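Each chain, written out:
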Amino acid sequence: MFIKVLYGDNEEAIFNPQCRTLLLLEHIKERVGYQSDIDIDLSDENGFIVHLLRSPPLQFASEFLESRRTFILVRVSKHEDGSESVEPMLKNLRADRPNAFARLTSYDSYGAPQAEVTEKRVGRQRSKKSGKRGK
């Protein structure tokens, strides 16, 4: 089981999501050379944020990340007013994936619209494990 993370100047790295979300995020930061005090998360190739940063730190990342999928690294910034925003950490995203760029840069906050997508994705994966069809 693996995922591919795109970042920087069209760089990519492969990670094993069969670990706690906290460990995966720390390993990604270490591997791509980011400081440990920077908050990061992932989005899918369409610009939908996965919200690993908001998930319980001891929950397995594989519950949120589908194996063999490609994700885009994003930086999460916290503002003085308590709001959060995301910044794609992949150069040339606007040219290579214009829809993902538009979605990631159009949100005022790191929040609401993306959470619904994550819940649907997790629900679909749980259904696969239980053998029942999800929506």
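Here the structure is a predicted model, which is why all the values come from computation and not from measurement.

Colleague: Describe the nonpolar core, naming the residues involved and giving the relevant values.
Modeller: I3, L24, I28, L42, L52, L65 and L73 are the most contacted members of the largest nonpolar core, which totals 21 residues. Of all the secondary structure elements, the ones that give two or more residues to this core are β1 (3-7), β2 (11-15), α1 (21-32), β3 (39-44) and β4 (70-78). Counting residues per element, this core draws most heavily on α1, at 4 residues. Core analysis: the next-biggest nonpolar cluster, separate from the first, contains 10 residues, I49, I72, V76 and L93 among them.

Colleague: I'd like to hear about the packing of aromatic side chains, residue by residue, with values.
Modeller: Using the criterion set out here, one finds 0 aromatic pairs in the structure. The ring of F15 has R31 sitting right over it, with the charged end atom 4.8 Å from the ring centre.

Colleague: Go over the pattern of salt bridges, please, and point to the residues and values.
Modeller: Following the criterion strictly, the structure yields 6 salt bridges and no others. For the salt bridge of D39 with K78, the shortest nitrogen-to-oxygen distance reads 3.6 Å. Residue D39 is found in strand β3, and its partner K78 is found in strand β4; the two are separated by 39 residues along the sequence. Under the relative-accessibility criterion, D39 is labelled partly exposed at 22%. Two residues, R97 and E45, come together in a salt bridge whose shortest N-O distance is 3.2 Å. Here the residue R97 occupies a position in the loop between α2 (93-96) and α3 (98-106), and E45 occupies one in the loop between β3 and β4, the gap between them amounting to 52 residues. On the basis of relative accessible area, R97 is assigned to the partly exposed category, the value being 23%.

Colleague: Give a description of the pairing of β2 that names residues and reports values.
Modeller: Strand direction decides the pairing type here: β1 and β2, joined by 5 bridges, are antiparallel. Residue pairing for β2: K4 is matched across the bridge by I14. Connecting β1 to the next strand, β2, in antiparallel fashion are 3 residues, including G8 with a positive phi near 60°.

Colleague: Residue-level account of the confidence of the model for the protein chain, with values.
Modeller: Per-residue pLDDT for the protein chain averages 83, and the proportion of residues at 70 or more is 79%. Considering only residues more than four positions removed or in separate chains, one finds that residues 112-130, a stretch of pLDDT under 50, has 34 contacts.

Colleague: I'd like a rundown of α1, residues and numbers included.
Modeller: It helps to recall that an α-helix has 3.6 residues per turn; residues three or four apart then point in one direction. If you check α1, its first and last C-alpha atoms are 17 Å apart, about what 12 residues at 1.5 Å a residue would give, namely 16 Å. If you check which residues of α1 are buried, you get T21, L24, L25, I28, K29 and V32. For α1, the arc enclosing every buried residue in end-on projection is 135°, short of the 170-degree limit, so these residues lie on one face. The exposed residues of α1 that point more than 90 degrees off its buried face are L23 and E30. G33 sits one or two positions beyond α1 and adopts a positive phi of about 85°.

The rules we used
Residues numbered from 1 in each chain as written. Predicted model: local features only at pLDDT ≥ 70, side-chain atom pairs only at ≥ 80, totals over all residues. Heavy atoms only, no water. Core = buried A, V, L, I, M, F, W, Y, C linked by side-chain atoms within 4.5 Å. Buried < 20%, exposed > 50% of the residue type's maximum accessible area, 1.4 Å probe, protein only. Helix = DSSP H or I, 4+ residues; strand = E, 2+ residues; numbered from the N terminus. Phe/Tyr/Trp six-rings, centres within 6.5 Å; stacked < 30°, edge-to-face > 60°. Lys NZ or Arg CZ within 6 Å of the ring centre and 35° of its normal. Salt bridge = Lys/Arg side-chain N within 4 Å of Asp/Glu carboxyl O. Pairing = 2+ DSSP bridges. pLDDT = per-residue confidence, 0-100. Contact = heavy atoms within 4.5 Å. Expected span 1.5 Å × (residues − 1). Arc of directions from axis to C-beta.

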